[in-house]
Amino acid sequence: MNIEFLKSLLLDPQTPRTPAQATLAGWVAKCNAGIGGDNVLRHEGHTYVLGTAFNEQANGAITGAWFRFGPEGLSPLGGFTIAADGALERVPKDAELRDVLWALGTENSPPS
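Below you will find a few notes about this structure. (Residues numbered from 1 in each chain as written. Predicted model: local features only at pLDDT ≥ 70, side-chain atom pairs only at ≥ 80, totals over all residues. Heavy atoms only, no water.)

## Things to note about the pairing of strand β1 (residues 40-43)
Item 1. As judged from the four bridges shared by β1 and strand β2 (residues 46-50), these two strands associate in the antiparallel manner. Looking at β2, one finds that H43 is bridged to H46.
Item 2. Taking the residues that link successive antiparallel strands as the turn, the β1-β2 hairpin has two residues, and the phi of E44 there is positive, at about 45°. (Pairing = 2+ DSSP bridges. Helix = DSSP H or I, 4+ residues; strand = E, 2+ residues; numbered from the N terminus.)

## Focus: the packing of aromatic side chains
Item 1. Across all of its chains, the model carries two aromatic pairs by this definition.
Item 2. With a centroid separation of 5.0 Å and an interplanar angle of 80°, the aromatic rings of W27 and F80 are classed as edge-to-face. Linking W27 in helix α2 (residues 19-33) with F80 in strand β5 (residues 73-82), this pair joins segments that are 53 residues apart in sequence. Of the two residues, W27 and F80, neither departs from the other in class, the shared state being buried.
Item 3. A connected cluster of aromatic rings, assembled from ring pairs, spans W27, W66 and F80. (Phe/Tyr/Trp six-rings, centres within 6.5 Å; stacked < 30°, edge-to-face > 60°. Buried < 20%, exposed > 50% of the residue type's maximum accessible area, 1.4 Å probe, protein only.)

## Here's the deal with the environment of D85
Item 1. Position of D85 relative to the elements: it lies in the loop between β5 and β6 (88-90).
Item 2. By relative accessible area, D85 is classed as exposed at 55%.
Item 3. Separated by 63 residues in sequence, D85 and A22 have C-alpha atoms that sit 9.6 Å apart.
Item 4. Of note is the side chain of D85, whose polar atom sits 3.0 Å from the backbone nitrogen of A87. (Polar contact = N/O pair within 3.5 Å; in protein donor to acceptor, adjacent residues only side chain to side chain.)

## Notes on unusual backbone geometry
Item 1. Phi is positive for E44, which is not a glycine, with a value near 45°.
Item 2. You can see E44 is positioned in the loop between β1 and β2.

## Some thoughts on the nonpolar core
Item 1. Ranked by internal contacts, the top residues of the largest apolar core, which has 19 residues, are L24, W27, L50, W66, F80 and I82.
Item 2. Sorting the residues of this core by element identifies α2, β2, β4 (62-70), β5 and α3 (95-105) as the ones contributing at least two each.
Item 3. In terms of residue count, α2 provides more of this core than any other element does, five residues in total. (Core = buried A, V, L, I, M, F, W, Y, C linked by side-chain atoms within 4.5 Å.)

## Thoughts on the side chain of T63
Item 1. Relative to the elements of secondary structure, T63 occurs in strand β4.
Item 2. Its relative accessible area of 17% is what places T63 among the buried residues.
Item 3. In terms of polar contacts, T63 uses its side chain to reach the side chain of Q57, at 3.0 Å.
Item 4. If we ignore the near neighbours within four places in the chain, the residues touching T63 are A53, F54, N55, Q57, F80 and T81. (Contact = heavy atoms within 4.5 Å.)

## Here's the deal with the pattern of salt bridges
Note on pairing: side chains with opposite charge can pair once their charged atoms come close.
Item 1. Tallied over the entire structure, the rule returns two salt bridges.
Item 2. D94 is the salt-bridge partner of R68, the closest N and O atoms lying 2.7 Å from each other. With R68 in strand β4 and D94 in the loop between β6 and α3, the pair connects residues that are 26 residues apart, well separated along the chain.
Item 3. R68 gets classed as partly exposed once you look at its relative accessible area, which sits at 25%.
Item 4. A salt bridge links D99 to R98; the shortest N-O distance between them is 3.8 Å.
Item 5. Judged by its relative accessible area of 47%, D99 is partly exposed.
Item 6. On the accessibility criterion, R98 (30% relative accessible area) is partly exposed. (Salt bridge = Lys/Arg side-chain N within 4 Å of Asp/Glu carboxyl O.)

What follows is the structure, given as structure tokens:
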């Protein structure tokens, strides 16, 4: 799975998608809505980059990673897991990015 696949999901709403793919497509849509690009999310002065090496697991979950772009280049923030049902199971520990991702890609509440 790569960014071209996700762009096809966004451009063709008739394309069948799993709930996990829909969550990931929601993130990409937010990236596209800003001035960043297909996998660049700008939020409150920070620039986050969605890694383009996604893996769809046998159980339907999607895993991947987020990075922060700063003066020294890209810094890894950590991995994410979107469950097969579209819920976020794991997101990077960066508090600001975590809150943005919870708000963007899922209707499920973060775990307490």
